[in-house]
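# Summary of the model geometry
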Amino acid sequence: MTDPGFEAAFQAAQKSLREGGIPIGAALVRDGSIVATGHNERVQRGDPIAHGEMAALRAAGRQRTYRDTTLYSTLAPCAMCTGTIIQFKIPRVVVGEAETFPGEFDLLRSRGVEVTVLHDARCIEMMRSFQQEHPQLWAEDIAE
Ligand SMILES: [Zn+2]
């Protein structure tokens, strides 16, 4: 039984992959309903700030509050996205995997954000393949 929020994030990642982009997707969910989804748009828009999480939050537009939301991401959030999660006071983050990129879980948890990791095999395979096939693009996205 897959969580609909997670499935939406995964589908967004797959869409990005089909477009030749970086396969990381995200979804903002409130009360079990998907507010918006997004995926990494570094390649598609030439936008280095458009990580999956940032794209989903942008697509969601103005929100009066995020305190009743959950942010899903196929991959552990980086420092930039973690900063945004903290700034917007998003209380819960559900992550597909953190094996191919560790993210900033300590920082998130230190600010009271509840982090759940699904250890999803599809996400791990998706990122491993991408990192092997496009090492330079991946390095660019994480500023390595
Ligand atoms: Zn990020």
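Residues numbered from 1 in each chain as written. Predicted model: local features only at pLDDT ≥ 70, side-chain atom pairs only at ≥ 80, totals over all residues.

The next thing to look at is the sheet that holds strand β1 (residues 25-30). What the five strands build is an open sheet, ordered β2-β1-β3-β4-β5; its pairing is mixed. Bordering the open sheet on either side are β2 (33-39) and β5 (114-117), each of which pairs with just one other strand. In this sheet, neighbouring strand axes are inclined to one another by 20° on average, regardless of whether the strands run parallel or antiparallel. Where strand β3 (residues 69-75) and strand β4 (residues 92-97) come together, five bridges link them in parallel fashion. Looking across to β4, one finds that Leu 75 is bridged to Glu 97. Strands in contact with helix α1 (residues 4-18) are β1, β2, β3 and β4; relative to β1, the strand with the most contacts, it is inclined by about 150°. (Pairing = 2+ DSSP bridges. Helix = DSSP H or I, 4+ residues; strand = E, 2+ residues; numbered from the N terminus. Axes fitted to C-alpha atoms, helices over the stretch in contact; angles between N-to-C directions. Contact = placed C-beta atoms within 7 Å.)

Mapped onto the elements, Ile 90 comes out in the loop between α4 (79-87) and β4. The exposure class of Ile 90 is buried, given the 23 C-beta atoms found within 10 Å. With 63 residues separating them along the chain, Ile 90 and Ala 27 place their C-alpha atoms 12 Å apart. (Buried ≥ 20, exposed ≤ 12 C-beta atoms within 10 Å, placed from the backbone.)

Moving on: the pairing of β4. Viewed along the sheet, the connection from β3 through α4 into β4 turns out right-handed. Two elements, β4 and β5, share four bridges in a ladder whose sense is parallel. Each bridged residue has a counterpart across the sheet, and for Arg 92 the counterpart in β5 is Glu 114. In this fold, the crossover linking β4 to β5 by way of helix α5 (residues 105-110) has right-handed handedness. (Right-handed = clockwise from strand over helix to strand, strands pointing away.)

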